[in-house]
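# Structural features, examined
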Amino acid sequence: MLRIQLVIGWSERQLAGYLGEHRTALRRRLDAGETLNARESRWLELLEDGHRLYPRP
């Protein structure tokens, strides 16, 4: 997750907002060992791939 945030350039707060969650709730989920659902994970992976394959000019 941290790698994806770094590649995309989002803060934890931005990531939580795009996932429709409060930052604290997302942090608690991840700290408890929970994972994102398959759809959220795939969406983030595709965004990361797009940022790596097509960087800003």
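Scroll up a little and you will see the structure.
Summarised in this report is the structure supplied together with it. (Residues numbered from 1 in each chain as written. Predicted model: local features only at pLDDT ≥ 70, side-chain atom pairs only at ≥ 80, totals over all residues. Heavy atoms only, no water.)

## Regarding the overall build of the protein chain
For the protein chain, the count of helices and strands is 4 helices and 0 strands. The secondary structure elements of the protein chain, listed N-terminal to C-terminal, are α-α-α-α. Based on the C-alpha atoms only, the size of the protein chain along its principal axes is roughly 35 × 20 × 15 Å. Counting only residues that meet the buried cut, the protein chain has 26% of its 57 residues in that class. Across the protein chain, the fraction of contacts at a sequence separation of at least 24, relative to all contacts at a separation of at least 6, is 48%. In the structure as shown, the protein chain presents an accessible area of about 4,400 Å², 54% of it carried by carbon and sulfur atoms. (Helix = DSSP H or I, 4+ residues; strand = E, 2+ residues; numbered from the N terminus. Buried < 20%, exposed > 50% of the residue type's maximum accessible area, 1.4 Å probe, protein only. Contact = heavy atoms within 4.5 Å. Areas by Shrake-Rupley, 256 points an atom, 1.4 Å probe, with all protein chains shown as cover.)

## Observations concerning the environment of Q14
Assignment of secondary structure puts Q14 in helix α2 (residues 12-19). Considering only alpha carbons, one finds Q14 and P55, 41 residues apart in sequence, at a separation of 20 Å. In terms of polar contacts, Q14 uses its side chain to reach the backbone amide nitrogen of S11, at 2.8 Å. (Polar contact = N/O pair within 3.5 Å; in protein donor to acceptor, adjacent residues only side chain to side chain.)

## A closer look at the nonpolar core
The biggest cluster of nonpolar side chains holds 9 residues, and these are I4, I8, W10, L15, A16, L19, L26, L36 and L44. For this core, the elements supplying multiple residues, two or more each, are α1 (2-8) and α2. Top contributing element to this core by residue count: α2, with 3 residues. Look past the residues within four positions of I4 in its chain and what remains in contact with it is L44 and E48. (Core = buried A, V, L, I, M, F, W, Y, C linked by side-chain atoms within 4.5 Å.)

## Some points on α2
Residues spaced three or four apart along an α-helix point in a common direction, a consequence of the helix completing one turn every 3.6 residues. Those residues of α2 that fall on the buried side of the exposure criterion are E12, L15, A16 and L19. One face of α2 carries all of its buried residues, which in axial projection span an arc of 95 degrees. The exposed residues of α2 that point more than 90 degrees off its buried face are R13 and Y18. Looking at the buried residues of α2, the elements they touch are α1, α3 (23-31) and α4 (38-53). (Arc of directions from axis to C-beta.)

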